[in-house]
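What the coordinates show
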Amino acid sequence: MEGTKIKIAVLSGKGGTGKTLVAVNLAAIAKNSVYIDCDVEEPNGHLFFKPEQLKRHDISVKIPVVDEKLCTGCRSCVAFCKFNALAYINHKLMVFDEICHSCGGCSLFCPEKALSEREKVIGVVQNGKSEDVRVISGIMNVGETSGVPIIKEILKYANEYQDITVIDCPPGSACTVMESIKDADYCILVAEPTLFGVHNLNMVHDLVTLFNKPYGVVLNKCVQSENPAETYCTEKNINVLGKILFDNELGTINSNGLIAIRQSDKYFDVFNQLLHKVSEEVQHETVVNP
Amino acid sequence: MKQLLILSGKGGTGKTTMATAFIKLSSATAYADCDVDAPNLHLLMHQSAKAIESDYFGMPKAEINSQICVQCDLCRENCRFDAINFDDGYHVDPFVCEGCGVCEELCPVGAVSLKPEKAGDLMLYKEDVVFSRAQLKMGSGTSGMLVTEVKKSMKSAAEDAEFAIIDGSPGIGCPVIASLSGVDMVLIVAEPSISGIRDMERIIETARKFQARIAVCTNKFDTNIEIAESIEAFCKKNNLPFVGRVPFDLEAVEAINKGNSIIDSDSTSGFATRVVYKRTMELLSK
């Protein structure tokens with residue numbers, strides 16, 4: 001993989017399927033990799049990597065502030081705001097920070113120039129190292145509504161480092177996930193062997209198809225009995241990159257916040273194979289769809 | 001109507017499994033799935049009748065009429081969401097546009113207009129019981145507003161219901177905050193892992209910010225007993241009622257794959273869930 005620079009996004013329709021397990025271990029096994037945790041609402045990757053030499057910086061958005069001396073109460077800002085983040089009550093303009101989308105319209109269009117903007121911190125970016133893995137996490141402050149500005153910011157790191165970048169996506173298929181896979185070269189969909197698993201896999205499958213991304217599936221927590229997610233993959237002719245068996249040893253390693261490939265030779269092999277498989281797929285893609 | 005919301009901070013902890021069991025045990029006549037992004041409750045709560053479907057319109061999206069556009073670039077320069085691109089002309093990326101209307105307002109020739117866009121489907125089942133759910137369109141934002149709609153349609157369809165159960169959405173953001181509003185109590189389902197504790201702490205902090213009453217239970221508690229115990233210790237220290245532990249149970253997975261609830265058979269997880277249910281309901285009635 002020397003010299004190739006690829007971005008792999010790991011996603012699943014839902015949390016708890018093993019996205020972070022796959023993303024963390026893939027990043028840990030690849031040399032000179034970057035791990036980016038885009039699940040800014042519940043970032044967990046750093047709990048495994050325990051990165052050192054941490055650098056932190058705040059992420060803020062712009063929120064309007066009113067100069068009461070200049071405001072004439074014309075309400076044009078209130079009328080303009082599509083998000084109802086402004087209200088004129090008792091001869092005073094009120095700003096509801098939480099629902100403001102920071103579009104800047106109110107201050108742009110205030111006829112009296114009574115509105116300006118201030119920075120409001122909504123979260124933090126944490127950048128550190130765990131062995132040779134660069135670990136980037138975005139952590140949204142509790143009580144904030146949207147982590148999209150944080151995701152945008154942390155994805156910039158994907159272009160700054162060499163070789164492999166693994167993006168641990170937020171759950172679901174909403175705007176935050178799209179933001180995370182937009183620039184990915186390859187998507188890994190992680191699926192659980194349950195009825196829920198199939199339903200959720202179906203959704204992210206639609207999403208990667210919509211975005212025309214090359215992808216493959218990792219079946220996680222596989223047990224002896226029937227695997228509805230595997231049946232789905234066979235029916236839809238979806239490439240299965242690997243199967244991770246349900247295993248108490250892995251469960252314990254994982255629940256204790258440890259990285260499987262650093263603890264167990266068995267899992268070193270499992271994820272090494274997965275990495276090779278993905279690399280082959282990406283190289284194949286660049287030949288077929290350059 | 002008393003409302004119990006089930007949350008976990010993260011998906012996969014067993015919110016829906018718990019919600020299904022609670023709905024069956026309480027014979028609730030009203031329930032809703034607030035995970036509009038990846039709803040699962042309907043997979044276990046089978047409905048014989050067809051849902052009444054309605055379109056959900058989120059924020060409108062900007063559209064640029066290239067016939068009128070004079071390519072002044074004002075819209076692109078001022079779009080905070082980088083939703084406007086220029087190639088052979090100006091185009092709006094509907095996935096990124098938040099419908100704020102800055103471009104429309106700025107355009108000197110009136111080439112930009114906001115057009116309503118369907119952002120999801122609302123589904124309401126209304127037979128003996130009321131079940132409200134929704135599906136957000138792929139890649140749409142505004143999930144919080146859709147969650148509010150789901151709850152609203154449940155409430156108005158089941159005005160007389162005394163009790164409702166709401167399966168929450170994962171995370172701590174907009175949809176969760178929307179699902180929190182107006183509920184009487186939140187049951188948090190926590191998983192005994194380092195990640196699980198962190199997720200639990202963040203969801204508790206969020207719920208507290210919105211002044212919700214909280215109870216906590218653990219699911220799959222025996223997958224890491226040490227951490228499960230520290231979750232209980234955390235609850236004790238923070239004065240949060242702990243309502244029980246549900247063990248990991250392969251029978252539960254099998255039950256769910258058959259489309260059943262874990263309380264439908266005599267499983268260890270089913271039994272433990274009954275205990276959690278009883279204690280939660282006692283707290284709720286206080």
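Calculation rules
- Residues numbered from 1 in each chain as written.
- Chains lettered and ligands numbered in written order.
- Predicted model: local features only at pLDDT ≥ 70, side-chain atom pairs only at ≥ 80, totals over all residues.
- Heavy atoms only, no water.
- Contact = heavy atoms within 4.5 Å.
- Salt bridge = Lys/Arg side-chain N within 4 Å of Asp/Glu carboxyl O.
- Polar contact = N/O pair within 3.5 Å; in protein donor to acceptor, adjacent residues only side chain to side chain.
- Phe/Tyr/Trp six-rings, centres within 6.5 Å; stacked < 30°, edge-to-face > 60°.
- Helix = DSSP H or I, 4+ residues; strand = E, 2+ residues; numbered from the N terminus.
- Buried < 20%, exposed > 50% of the residue type's maximum accessible area, 1.4 Å probe, protein only.

An unreviewed UniProt entry annotates chain B as Cobyrinic acid a,c-diamide synthase originating from Alkaliphilus metalliredigens.

Chain A is annotated in an unreviewed UniProt entry as Cobyrinic acid a,c-diamide synthase from Alkaliphilus metalliredigens.

Between chain A and chain B, the residue contacts involve 56 residues of the former and 58 residues of the latter. Applying the counting criterion to the chain A and chain B interface returns 4 salt bridges. The salt bridge partner of Asp 39 of chain A is Lys 10 of chain B, with a shortest N-O separation of 3.1 Å. In this structure, the connection of chain A to chain B is made through 26 residue pairs in polar contact (both at pLDDT 80 or more).

A word on the packing of aromatic side chains. Under the criterion given, the structure shown has 8 aromatic pairs over all chains. Residues Phe 211 of chain A and Phe 95 of chain B carry aromatic rings whose centres are separated by 5.4 Å and whose planes lie at 40 degrees to one another, so their mutual orientation is tilted. Placement of Phe 211 of chain A in the loop between helix 7 (195-210) and strand 10 (215-222) and of Phe 95 of chain B in the loop between strand 6 (90-92) and helix 4 (102-106) is noted, with the two residues assigned to different chains. By relative accessible area, which is 32% here, Phe 95 of chain B ends up partly exposed. For the ring pair Phe 86 of chain B and Tyr 90 of chain B, a centre distance of 4.7 Å and an interplane angle of 50 degrees mean the geometry is tilted.

Counting through the fold element by element, Lys 10 of chain B comes out in the loop between strand 1 (2-7) and helix 1 (15-26). Sequence separation between Lys 10 of chain B and Pro 170 of chain B is 160 residues, and the spatial gap between their C-alpha atoms is 4.7 Å. Setting aside anything within four residues of it in sequence, one finds Lys 10 of chain B in contact with Asp 39, Glu 42 and Asn 44 of chain A together with Lys 15, Pro 170, Gly 171 and Asp 199 of chain B.

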